[in-house]
Amino acid sequence: MKGHSRIRCKAVADKVMSAEDAAAFIMPGNRVGMSGFTGFGHPKAVPAALVRRAADAAARGDRFAVSVWTGSSTAPELDGALAAVDGIDLRIPYQSDPVTRAKINAGTLEYLDVHLSHVAQMVREGFFGHLDIALIEVAGVTADGALIPSSSAGNNNTWLDEADRVILEVNSWQPAELDGMHDIYYGTALPPDRAPIPILRPSDRIGVPHLRCPPEKIIAVVPTNHPDYPTPSRPADSHSQLIADHILDFLTHEVRQGRLPAGLLPLQSGVGNVTNAVLARLDTGPFGPLTAYTEVIQDSMLQLLRTGTMTVASATAFSLSEDGLAELRADIAAYRDKIVLRPQEISNHPEVIRRLGCLAMNGMIEADIYGNVNSTHVMGSSMCNGIGGSGDFARNAYLAMFLSPSTARNGAISCIVPMVSHVDHTEHDVHIIITEQGIADLRGLPPRRRAQQVIDHCAHPDYRPALQDYLDRATATGPGRHTPHLLGEALSWHVRYLKEGTMRPG
């Protein structure tokens, strides 16, 4: 089999076997902690063998399903393929696969949406039950049995520590130069033994470069040579460019006012074309040198590192397009000292985010006039992807910014509504809302003044008069004047869309 040269520890090499043989160790109903974050660093071969087992079971009239715990989303060959054969009974903590999403919203696949920084601690606390098996992709095994992490860190150290048994996929496709890029911190503990996390700047390394696992705990090793799953990319549209321009103007103003340094504060950026456009725009802006303390490294962040506009980026994984992945692999040695990959409970840790003063930029599905944000549910009850790490950063950032075009579905949906149909980030955690229309700076404003800012600067002109009318009537006739609402109408826009296919007033 390929990949034997990456396994330099005899005690581990003695357990090499096929993916089918390794998958046979996984029983129906097992809780399986898998590596993987945004399509990078996930196991490839053993999940495919599990898909075949689930399909064979279904053909016999049986069901083979396991609980799948990961760092974040993975790839269609894992999430989508297993969901398609009903091979997942519970998914934790984030997903972005259309097949999985459809099963969740049909009520046939249970899903637990969790703040990404909370997952490892909750597992150690036993909140989700005991972890049976860890299925982890690594880039290699050293002579002394240390595991060289793959292209994401995620929750891998926790899965290895907490699981009864471990299956490794050793992927020789992963660049050998990944060795040394990671900073695996083993200093976390449960209360009352918790200690401060000693990160003072994004470049700080406080852990070790390798994952640890006793060889006797490893029951199977599967050599592989399979690529990661690049993030599908689309060119930035005009709305994304306008949002990026608004953010650049806003940050320039904040620097001039003395509220931000010339090099800004560490950047955090959620996944998506809008935030990618913002980062690309920063490469032409007046700021620098920049740093990042974030979840994922996207194409535009790689560009910032390449040009020298950004000096260091700390994250837990890559989320690159095909072109971005090719760029990383072509020059990975040059990036190794500029990138730090950490476990997600560290990359997303509230204590560190608050200390560093991160500038958080995350997408949203909708915001209401008072600044509450929905980032997970469509029309109140259908899950989109999940909260991911947006809450980890928004609740602790120096500036919490939420970005979205002002409308969706060709204008049939207003992303600015009287009341959000689901709340992920309350008005207390949201500082700035940005659409292609402009920026609403909500800092220091009481509710009615926030509402006016959002209507005036973020709402689309097609919906602005109706929002103003709602606010005026709620202020005049509502039961309270602090946060005025007309409860009989607050969600009427969503009801209208479900009935008529549009939020536009008749």
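Structural data are supplied above this passage.
First, a word on scope: everything that follows refers to the structure included in this document.

### Side note on the overall build of the protein
Moving on, step 1. On a plain count of helices and strands, the protein comes out with 18 helices and 25 strands.
Moving on, step 2. Its C-alpha atoms give the protein principal-axis dimensions of about 75 × 55 × 45 Å.
Moving on, step 3. Per-residue burial for the protein yields a buried fraction of 58% across its 506 residues.
Moving on, step 4. Within the protein, residue pairs in contact and separated by at least 24 positions form 73% of the contacts whose partners lie at least 6 positions apart.
Moving on, step 5. For the protein, the exposed surface amounts to about 18,900 Å²; the carbon and sulfur share of it is 52%.

### Quick notes on the pattern of salt bridges
A side chain with one charge may pair with a side chain of the opposite charge, provided their charged atoms come close.
Moving on, step 1. Under the definition given, this model contains 20 salt bridges.
Moving on, step 2. A salt bridge links aspartate 14 to lysine 10; its shortest N-O distance comes to 2.9 Å. Comparing aspartate 14 with lysine 10, the two get one shared label, exposed.

### A short note on helix H8 (residues 238-256)
Moving on, step 1. Its 19 residues give H8 an end-to-end C-alpha distance of 27 Å, which sits within 8% of 27 Å, the value for a rise of 1.5 Å per residue.
Moving on, step 2. The set of residues buried in H8 consists of Ser240, Ile243, Ala244, His246, Ile247, Leu248, Phe250, Leu251, Thr252 and Glu254.
Moving on, step 3. Residues of H8 that are buried in the fold lie against helix H9 (273-282), strand E15 (359-363), strand E20 (399-403), strand E24 (432-435) and strand E25 (438-441).
Moving on, step 4. Its side-chain oxygen at 3.3 Å from the backbone nitrogen of histidine 239, aspartate 237 defines the N-terminal cap of H8.
Moving on, step 5. Positive backbone phi, approximately 80 degrees, marks glycine 258, located one or two places after H8.

### Considerations on the state of the cysteines
Moving on, step 1. Under the defined criterion, the tally for this structure stands at 0 disulfides.
Moving on, step 2. Note on cysteine 9: no disulfide assigned, nearest cysteine sulfur contributed by cysteine 213 at a separation of 11 Å.
Moving on, step 3. A residue is classified by how much of its surface remains accessible, and cysteine 9, at 7% relative accessible area, is buried.
Moving on, step 4. Cysteine 415 takes part in no disulfide bond, and the closest cysteine sulfur, belonging to cysteine 458, lies 11 Å away.

### Considering the sheet that holds strand E16 (residues 366-368)
Moving on, step 1. Taken in spatial order, the 3 strands make up an open sheet running E17-E16-E23, and their pairing is mixed. Both outer strands of the open sheet, strand E17 (373-374) and strand E23 (416-417), are each paired with one neighbouring strand and no more.
Moving on, step 2. Looking at chain direction, E16 and E17 are connected through 2 bridges and run antiparallel. Counterpart to glutamate 366 in the pairing with E17 is asparagine 374.

### Details of the pairing of strand E8 (residues 218-224)
Moving on, step 1. Most of E8 is tucked away, with 7 of its 7 residues classed as buried.
Moving on, step 2. In terms of strand pairing, strand E7 (residues 165-171) meets E8 through 6 bridges, oriented parallel. Each bridged residue has a counterpart across the sheet, and for isoleucine 167 the counterpart in E8 is alanine 220.

### Remarks on the environment of glycine 380
Moving on, step 1. Within the fold, glycine 380 resides in the loop between strand E18 (377-378) and strand E19 (382-383).
Moving on, step 2. Separated by 73 residues in sequence, glycine 380 and glutamine 453 have C-alpha atoms that sit 24 Å apart.
Moving on, step 3. Leave out the neighbours within four places in its chain, and glycine 380 touches Ser421 and His422.

### Thoughts on empty space enclosed by the protein
Using a probe with the size of a water molecule, rolled over the atoms, empty space left in the structure can be pinpointed.
Moving on, step 1. Per the counting criterion, the structure on display carries 1 cavity of 30 Å³ or more.
Moving on, step 2. Reported here for the largest cavity is a volume of approximately 50 Å³.
Moving on, step 3. Sorting elements by how many residues they give to the lining of the largest cavity places helix H11 (residues 322-330) first, with 3 residues.
Moving on, step 4. Of the residues that constitute the lining of the largest cavity, the class distribution is 7 nonpolar, 2 polar and 2 charged.

### Structural notes on the packing of aromatic side chains
Moving on, step 1. Enumeration according to the criterion identifies 4 aromatic pairs in this entry.
Moving on, step 2. Both rings, one in tryptophan 69 and one in phenylalanine 128, keep their centres 5.9 Å apart while their planes meet at 75 degrees; by these two values the pair is edge-to-face. Residue tryptophan 69 is located in strand E2 (residues 66-69), and its partner phenylalanine 128 is located in the loop between helix H6 (119-124) and strand E5 (133-141); the two are separated by 59 residues in the primary sequence. Side by side, tryptophan 69 and phenylalanine 128 carry an identical accessibility label, which is buried.
Moving on, step 3. Arranged with centres 5.7 Å apart and planes meeting at 35 degrees, the rings of tyrosine 463 and tryptophan 493 form a pair that is tilted. Of the two residues, tyrosine 463 is situated in the loop between helix H16 (447-457) and helix H17 (464-477) and tryptophan 493 in helix H18 (residues 492-500); the sequence distance between them amounts to 30 residues. Across the pair, tryptophan 493 and tyrosine 463 agree in class, each one buried.
Moving on, step 4. The structure contains a cluster of three or more aromatic residues connected by ring pairs, namely Trp69, Phe128 and Trp159.

### Description of the pairing of strand E10 (residues 290-293)
Moving on, step 1. Taking every second residue as pointing to the same face, both faces of E10 are buried, with Leu290 and Ala292 on one and Thr291 and Tyr293 on the other.
Moving on, step 2. With 4 bridges joining them, E10 and strand E12 (residues 310-315) adopt parallel strand pairing. When the bridges of E12 are listed, tyrosine 293 appears paired with serine 314.

### Thoughts on unusual backbone geometry
Moving on, step 1. Geometrically, the link from isoleucine 92 to proline 93 is a cis peptide bond, its omega value of -5 degrees lying close to zero.
Moving on, step 2. Along the chain, proline 191 connects to proline 192 via a cis peptide bond; the corresponding omega equals 10 degrees.
Moving on, step 3. The topology assignment puts proline 192 in the loop between E7 and E8.
Moving on, step 4. One non-glycine residue, threonine 38, lies in positive phi territory at about 55 degrees.
Moving on, step 5. Within the secondary structure, threonine 38 is located in the loop between strand E1 (31-34) and helix H3 (45-59).
Moving on, step 6. Relative accessible area serves as the criterion here: at 12%, threonine 38 is assigned to the buried category.
Moving on, step 7. At arginine 409, a residue that is not glycine, the phi angle is positive and equals roughly 50 degrees.

### Describing the layout of surface pockets
Moving on, step 1. In this structure, the second largest pocket encloses a volume near 220 Å³.
Moving on, step 2. What lines the second largest pocket is a set of 16 residues, among which Gln121, Arg194, Ile197, Glu345 and His349 lie closest to the centre.
Moving on, step 3. Listed by contribution, the elements that provide at least two residues to the lining of the second largest pocket are H6 and helix H14 (350-356).
Moving on, step 4. Here the residues of the lining of the second largest pocket sort into 6 nonpolar, 6 polar and 4 charged.

Thresholds, definitions, all that
Residues numbered from 1 in each chain as written. Predicted model: local features only at pLDDT ≥ 70, side-chain atom pairs only at ≥ 80, totals over all residues. Heavy atoms only, no water. Helix = DSSP H or I, 4+ residues; strand = E, 2+ residues; numbered from the N terminus. Buried < 20%, exposed > 50% of the residue type's maximum accessible area, 1.4 Å probe, protein only. Contact = heavy atoms within 4.5 Å. Areas by Shrake-Rupley, 256 points an atom, 1.4 Å probe, with all protein chains shown as cover. Salt bridge = Lys/Arg side-chain N within 4 Å of Asp/Glu carboxyl O. Expected span 1.5 Å × (residues − 1). Polar contact = N/O pair within 3.5 Å; in protein donor to acceptor, adjacent residues only side chain to side chain. Disulfide = S-S within 2.5 Å. Pairing = 2+ DSSP bridges. 1 Å grid on protein atoms, 1.4 Å probe; cavity = no way out; pocket = protein on both sides within 12 Å on 5 of 7 lines; lining within 4 Å. Points joined across faces, edges and corners; volume = space filled by probe spheres on them. Nonpolar A, V, L, I, M, F, W, Y, C, P; charged D, E, K, R; others polar. Phe/Tyr/Trp six-rings, centres within 6.5 Å; stacked < 30°, edge-to-face > 60°.

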